[in-house]
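Analysis of the macromolecular model
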Amino acid sequence: MEHGKPISATDSPLVDFDAVCQKVRAAVEPARAHAVSLHDEHGDVLWLSESSMGPDEHNAVRDAVEAFSNAAGSPMLVTDLGDSRSAVLLRAVNGRRAMVGVIMIVMDARVVKQDARGALKVMTPKLQRALADFSAMRPDSAPPPAAPAKGTPARATTPVALTLVDEPRAPPAAAARVAPPVARTSATAPSAPAAAPRASASRAPPAPQMPAPHTPAPRTPAPRTPASPVVAAAGTPAGFASKHPQGGVTPEIDRLHAALRRSPIALHVQRLVPLTKGSQLKRYEVLLRSKSDAAPNSAPHAMLKAAVENGLGSMIDRRVVTELIGYLVRHPDVWKSTAVMFSVNLTTTALHDEHFIKFVGLCLEKSSLPKGMIAFEVDTATAVKLAGKMAEVGAALHRLGCPLVLDDFAMKTECFALLRLPGVHYVKLAPEITAKMRTDKLSQAAITAVVQMARVLGMHTVAKRTETAAEQEWLTALGVDFVQSNSMSPPVAIESLSKTARAPGPTA
């Protein structure tokens, strides 16, 4: 199961899967859809409203594709994902009664299980129209040939009884169990039409017992390849840089994914202090802090390291963006009187994640925040390694009006090439450049060179880890615009900005 493919890679160029996802979200209101994903008839992802799918979601889609292959089965399935979440999966069929795709809606389990028929309330006329729109976007295909299966019991599932407008009538004979489709990869040629399903004389397996919410549900899928659907080589999310078949997920990845979803976080900010006298510019770097009782207000280094190494870093980036934008929407006093900018650090995973920028765009569109308020910060060493990808990311952020910040800028030829990226507004000097500026003339010349180059290009420069007044005087003389210093402006909880904005006196 591929993790995602751009619209241009689909069979029809005139499709708008994002619009379908928005219609699905609107159709289930007032209930909240945590995530919406569109899949083809093989289970491959066509569109995600979120940056990634967890292992439980992958397994739910795989099981639904297998169950929906039975034309006589229910067109709607509900799967418990744990953590009080349920996946509602809908089968999309065309006018010839052939399955052409699957829609998955991840919702609060309490909404789906309001009563014995609670899930039926999800299927509204609006949702049926959205399902029909999705079906119309898919390539037309004929239904697979049905094999006679006298006396063969239908495969046991846990469907929610529901009748759609285009639901095919059940044939007189019970439907045969259809083998799950083989996962496709972009490197292989189109597969030949599947052979007619064979009748099975074995008894259908009983529905699995659902465990406690904090543990993943046990599954009995067909044999799969050992590749992970969440992690690819070098920490790249599977399906973005690598189109390999999806396979089993290790328990460690499953637990990490659930832990990242549950981990309480808090946002702190550190102001970049302007060196120009009288300047009231407010520029902040957003810092992630743990909100747990064991280590309150400490940087969750272990969690970040594990997430990045396992290709789940964009999950954290998305949570930070969501928390930040939510705070700014709730506290307009922070930014309405004075222009302000907050820079969010991006992980390597987010740079590879083609859906992350779309997520940012949707958040900014819904929040109606002024352009230029949310910036994104990328380590220069990472940007150099991903120079080709950075050009794409920089252009996308520039279109959204999000400034780009280059962190730990070094005096290397490949680093200067990054200044050509669109949307670069701030350059943070590597500490080793400023460490010897008072005694080393070469360091002074290096700082001056970067400052002059930045000014010509319309960028600001920032010096980090400068703790003494003498160092700040030197930086001011050399033309640096800001300093980021724990002694001058230590990190504070983001909630304190609103209190400061309402309080009289100097700003934070």
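The notes below deal with the structure included here.

What counts and what doesn't
- Residues numbered from 1 in each chain as written.
- Predicted model: local features only at pLDDT ≥ 70, side-chain atom pairs only at ≥ 80, totals over all residues.
- Heavy atoms only, no water.
- Helix = DSSP H or I, 4+ residues; strand = E, 2+ residues; numbered from the N terminus.
- Buried < 20%, exposed > 50% of the residue type's maximum accessible area, 1.4 Å probe, protein only.
- Contact = heavy atoms within 4.5 Å.
- Pairing = 2+ DSSP bridges.
- Core = buried A, V, L, I, M, F, W, Y, C linked by side-chain atoms within 4.5 Å.
- Axes fitted to C-alpha atoms, helices over the stretch in contact; angles between N-to-C directions.

The topology assignment puts leucine 478 in helix H15 (residues 469-478). Residue leucine 478 is classed as buried on the basis of its relative accessible area, which comes to 14%. Measuring from C-alpha to C-alpha, the distance between leucine 478 and glutamine 452 comes to 9.5 Å, with 26 residues separating the pair along the chain. Leucine 478 has contacts with Gln444, Ile447, Thr448 and Val451, leaving out every residue within four places of it along the chain.

So, on to the pairing of strand S7 (residues 282-290). Of all nine residues making up S7, nine are buried, and the element is well covered by its neighbours. What you see with S7 is no split at all: Lys282, Tyr284, Val286, Leu288 and Ser290 on one side and Arg283, Glu285, Leu287 and Arg289 on the other are buried throughout. Both strand S6 (residues 265-274) and S7 contribute to a ladder of eight bridges, which runs antiparallel. Along S7, the bridge assignment pairs alanine 266 with arginine 289. Bridge analysis of S7 against strand S8 (residues 340-345) gives five bridges, and the strand direction is parallel. The residue of S8 that forms the bridge with lysine 282 is valine 340.

Let us now look at the nonpolar core. Counting 68 residues, the largest nonpolar core has Leu324, Leu328, Phe342 and Phe376 as its most contacted members. Ranked by residue count, the leading element in this core is helix H7 (residues 313-330), at seven residues. When near neighbours in sequence (up to four residues on either side) are disregarded, leucine 328 contacts Val334, Trp335, Phe342, Leu369, Met373 and Ile374.

Spatial ordering of the open sheet is given by S2-S1-S5-S4-S3, a layout of five strands whose pairing is antiparallel. Each edge of the open sheet carries a strand with a single partner, namely strand S2 (45-48) and strand S3 (76-82). Across this sheet, the average inter-strand angle for adjacent strands is 20°, counted without regard to direction. Pairing between strand S4 (residues 85-93) and strand S5 (residues 99-108): nine bridges, direction antiparallel. Counted as the bridge partner of leucine 90 is isoleucine 103 from S5. Along the sheet face, helix H1 (residues 17-28) touches strand S1 (33-40), S2 and S5 and points at about 135° away from the line of S1.

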